[in-house]
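Remarks on the overall topology
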Amino acid sequence: MKAALEAHHLEILGGFHAEDDPALPKGARTLLLIGPSEPGFWPHFTAQPEWQDGQPDPMDRWSRRVIGRLACDLGAKALFPFGGPPYHPFYQWALRSGRAWASPVQLLVHETQGLFFSARGALALKERVELPAPGARPCDACAQPCADACPAGALTPAAYNVSECHSFLDSGAGEGCLSQGCAVRRACPVSQSYARMEVQSAYHMRQFHR
Ligand code: B12
Ligand code: SF4
Ligand code: SF4
């Protein structure tokens, strides 16, 4: 499965075992969270037909095609973070994986991708497959720069004020967040060690703030 994912610049972000979980398809015994693998994800994705055709939501359409096909090949079921409400509980699933945690600002922080954690889909498998051992929450040994990195004061340990974030992005002062990605997500040393390109963050910020 690793090789099949690598061909699409995807990787397993984490997973967990389940029995009779009502949030999962009937009979699912393992849930794997799937997300971009760096370096090279953005050049790979932008060469795909969903980006090239100029139609809306290229990332979601690509995710459905690629992760949906992987699921068919594996006899599994593909689940996606978008397409709601209602939404599949990706945040809770990430916590259950033991490889992502709630950061001081509540955004998920992943063992290797930091605050740039973002799932493109999940695979619900009928088999119980081996999973890597849970990692250690990086925040416990960190000076926590994420806590006061938001220049608008919109995302802090106290709350995420979505409308304050949008107002700041509308003012000229929000240009850094729009072109390089959310300053809170960028402040994390684990995010910085992960080779995500700014142009990819800029695309997601445009989707969030359109
Ligand atoms: C709705 C939603 C939002 C809403 C949040 C509404 C709210 N807080 O009131 C809005 C549109 C604001 C949002 C924004 C973003 N989101 Co969002 N969002 C979702 C979505 C689709 C559903 C969450 C939900 O309602 N679940 C159902 C409820 C019952 O479960 P819950 O666990 O209680 O959900 C809560 C949290 O997920 C939280 N939440 C969701 N997004 C965010 C973002 C921030 C900054 C915070 C603090 C909390 C938060 O709010 C939910 C409701 O209280 C999930 C995908 C999914 N299927 O879960 C992604 C998801 C949680 N978001 C994600 C991302 C990447 C973002 C953005 C960073 C996107 C971007 N710009 O690149 C932005 C943040 C903007 C920024 N400053 O950069 C990622 C997780 C990122 C992370 N590291 O934690 C997810 C998992 C999607 C994915 N593809 O992986 N999001
Ligand atoms: S900056 Fe530090 S405290 Fe904040 S999410 Fe990253 S590791 Fe955790
Ligand atoms: S995008 Fe910018 S304004 Fe919005 S929460 Fe992140 S740092 Fe704050």
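Criteria and cut-off values
Residues numbered from 1 in each chain as written. Chains lettered and ligands numbered in written order. Predicted model: local features only at pLDDT ≥ 70, side-chain atom pairs only at ≥ 80, totals over all residues. Heavy atoms only, no water. Helix = DSSP H or I, 4+ residues; strand = E, 2+ residues; numbered from the N terminus. Buried < 20%, exposed > 50% of the residue type's maximum accessible area, 1.4 Å probe, protein only. Contact = heavy atoms within 4.5 Å. Polar contact = N/O pair within 3.5 Å; in protein donor to acceptor, adjacent residues only side chain to side chain. Patch = residues over 30% accessible without salt bridge, like charges linked within 9 Å, V, L, I, M, F, W, Y side chains within 5 Å. Areas by Shrake-Rupley, 256 points an atom, 1.4 Å probe, with all protein chains shown as cover. Salt bridge = Lys/Arg side-chain N within 4 Å of Asp/Glu carboxyl O. Core = buried A, V, L, I, M, F, W, Y, C linked by side-chain atoms within 4.5 Å.

With that settled, the discussion passes to the side chain of Ser 191. Of note, Ser 191 is situated in helix α9 (residues 189-192). The class for Ser 191 is buried, based on a relative accessible area of 2%. If near-sequence neighbours (up to four positions away) are discounted, Ser 191 is found in contact with Gln 113, Gly 114, Leu 115, Phe 116 and Arg 185.

The next subject is the side chain of His 110. Looking at where His 110 falls in the secondary structure, it is placed in strand β5 (residues 108-110). Overall, His 110 belongs to the buried group, its relative accessible area being 0%. There is a polar contact of 3.2 Å between the side chain of His 110 and the backbone nitrogen of Gln 113. Dropping the residues within four chain positions of it, His 110 is found in contact with Leu 13, Arg 99, Ala 100, Trp 101, Phe 117 and Val 190.

Residues Tyr 160, Val 162 and Phe 208 make up a contiguous nonpolar surface patch of roughly 240 Å² in combined accessible area. By the element assignment, Phe 208 lies in helix α10 (residues 198-208).

Time to look at the nonpolar core. By size, the foremost hydrophobic cluster in this structure holds 20 residues, and its most contacted members are Leu 10, Ile 34, Phe 41, Met 59, Trp 62, Ile 67 and Leu 123. Of all elements in the fold, only β2 (30-36), α2 (41-46), α4 (58-74) and β6 (121-125) reach the threshold of two or more residues within this core. Looking at which element gives the most residues to this core, the answer is α4, with 6 residues. Setting aside anything within four residues of it in sequence, one finds Trp 62 in contact with His 8, Leu 10, Phe 41, His 44, Phe 45, Gln 48 and Glu 50.

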